[in-house]
Amino acid sequence: LFSIERREAGEIRYYSHIGTGNFNEKTARLYTDFSLLTFDQEIGRDVAAVFDFLKFNYRLPNYRTLLVSPHSSRPGLVERIDREIEHARGGYRAMMTLKCNNLVDRQLTLKLYEASQAGVQIRLIVRGMCSLLPGVDGVSENIQAISIIDRYLEHPRVYVFHNKGEPEYLLGSADLMTRNIDYRVEVLCPIKDPLIQQQLQDILDQQWHDNTKARVLD
């Protein structure tokens, strides 16, 4: 995460970066990650608020657009899963694709089981630990999961919620782990630009249909 504040025409304007990896010259050669550099001022003010929290952690920021651990990542993710559950129960198409390093948080695992039982179609691309068991009749029959291990370490976290045909894309540093959701400062950022959304979707689709490096988690 970084934030640049620049005075332009007498006003402070923000240039912000939100990424899925670290600023590390060694891992940059080995990891795949996504990075967003944006002039979106609403995101910029939220990123600045994250740094304010790191300096003054007795103040609770009011984030407008970011999901930030340990404050709003868990309720924000649960809210989006619940929205897909509501859509499925209402007879609408409901889907989500979750790509992360690890999925081991108990509450989110149980919430994904609940979504599957409501009829939400769920695709998981989980490189490492996955405590969720897909494909169990009556529990998780609408969940499929794969893991990809390749030349470079799969490191991005991207969460896509179908949202009745107006999909919401979140990109950031938080895995679906209790330590990332509740005990660290992590950021998930909405991706609003349709071209970037399409780029992310193309990569997710390509990985989902991989028949060389992908392993089925069962």
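Here the structure is a predicted model, which means the values were calculated and not measured.

1. Considering the overall build of the protein chain
Scanning the protein chain from N- to C-terminus turns up five helices and 13 strands. For the protein chain, whose C-alpha radius of gyration is 18 Å, the value lies close to the compact-globule estimate of 17 Å for 218 residues. Overall size of the protein chain, expressed as C-alpha extent along the three principal axes, is 60 × 40 × 35 Å. In the protein chain, which comprises 218 residues, the proportion classed as buried is 48%. Element-wise, carbon and sulfur atoms account for 48% of the exposed surface of the protein chain, whose accessible area totals about 11,700 Å². Taken together, the 27 basic and 29 acidic charged side chains of the protein chain have centroids lying 4 Å from each other.

2. What to know about empty space enclosed by the protein
If you walk through the whole model with that rule in mind, you get one cavity of 30 Å³ or more. The computed volume of the largest cavity comes to approximately 50 Å³. Residue lining of the largest cavity: L77, I81, L98, L108, L112, Y159, F161 and L176, and that is the complete set. Of all the secondary-structure elements, those providing two or more residues to the lining of the largest cavity are α2 (73–89), α3 (106–118) and β10 (157–161). Residue composition of the lining of the largest cavity, grouped by class: eight nonpolar, no polar and no charged.

3. A short note on the state of the cysteines
Counted under the stated rule, the structure contains zero disulfides. Residue C100 stays outside any disulfide, its sulfur separated by 7.6 Å from that of C130, the closest cysteine. Given the relative accessible area of 2%, C100 is considered buried. C189 forms no disulfide, and the closest cysteine sulfur to it belongs to C100, at a distance of 18 Å. Under the relative-accessibility criterion, C189 is labelled buried at 0%.

4. Quick look at unusual backbone geometry
Of note, the bond from S69 into P70 is cis; its omega dihedral lies within 30 degrees of zero at 5°. As for its placement among the helices and strands, P70 is situated in the loop between β5 (67–69) and α2. Phi angles above zero are rare outside glycine, and A9 is one such case at about 50°. Relative to the assigned elements, A9 resides in the loop between β1 (2–8) and β2 (11–19). Even without glycine at this site, N163 takes up a positive phi of about 55°. By the secondary structure assignment, N163 is in the loop between β10 and β11 (168–172).

5. Focus: the layout of surface pockets
Roughly 460 Å³ of internal volume is contained in the largest pocket. What lines the largest pocket is a set of 25 residues, and nearest its centre among them are T20, G21, N22, S173 and E186. When residues of the lining of the largest pocket are traced back to their parent elements, those giving at least two are β2, α1 (41–55), α4 (178–182) and β12 (186–191). It is α1 that provides the largest number of residues to the lining of the largest pocket, a total of three residues. Looking at side-chain class alone, the lining of the largest pocket contains 10 nonpolar, nine polar and six charged residues.

6. What about the packing of α2 against α3?
Contact geometry of α2 with α3 gives a least axis separation of 9 Å together with a crossing angle of 10°. What the angle tells us is that α2 and α3 run roughly parallel. Judged by residue contacts, R74, L77, V78, I81, D82, I85, A88 and R89 of α2 engage Q107, L108, K111, L112, E114, A115 and A118 from α3. Of the residues belonging to the contact of α2 with α3, the class tally is nine nonpolar, one polar and five charged.

Parameters and conventions
- Residues numbered from 1 in each chain as written.
- Predicted model: local features only at pLDDT ≥ 70, side-chain atom pairs only at ≥ 80, totals over all residues.
- Heavy atoms only, no water.
- Helix = DSSP H or I, 4+ residues; strand = E, 2+ residues; numbered from the N terminus.
- Rg over C-alpha atoms; globule rule 2.2 N^0.38 Å.
- Buried < 20%, exposed > 50% of the residue type's maximum accessible area, 1.4 Å probe, protein only.
- Areas by Shrake-Rupley, 256 points an atom, 1.4 Å probe, with all protein chains shown as cover.
- Lys, Arg positive; Asp, Glu negative; His and termini not counted.
- Charge placed at Lys NZ, Arg CZ, Asp CG, Glu CD.
- 1 Å grid on protein atoms, 1.4 Å probe; cavity = no way out; pocket = protein on both sides within 12 Å on 5 of 7 lines; lining within 4 Å.
- Points joined across faces, edges and corners; volume = space filled by probe spheres on them.
- Nonpolar A, V, L, I, M, F, W, Y, C, P; charged D, E, K, R; others polar.
- Disulfide = S-S within 2.5 Å.
- Axes fitted to C-alpha atoms, helices over the stretch in contact; angles between N-to-C directions.
- Parallel < 35°, antiparallel > 145°, perpendicular 65-115°, else oblique.
- Contact = heavy atoms within 4.5 Å.

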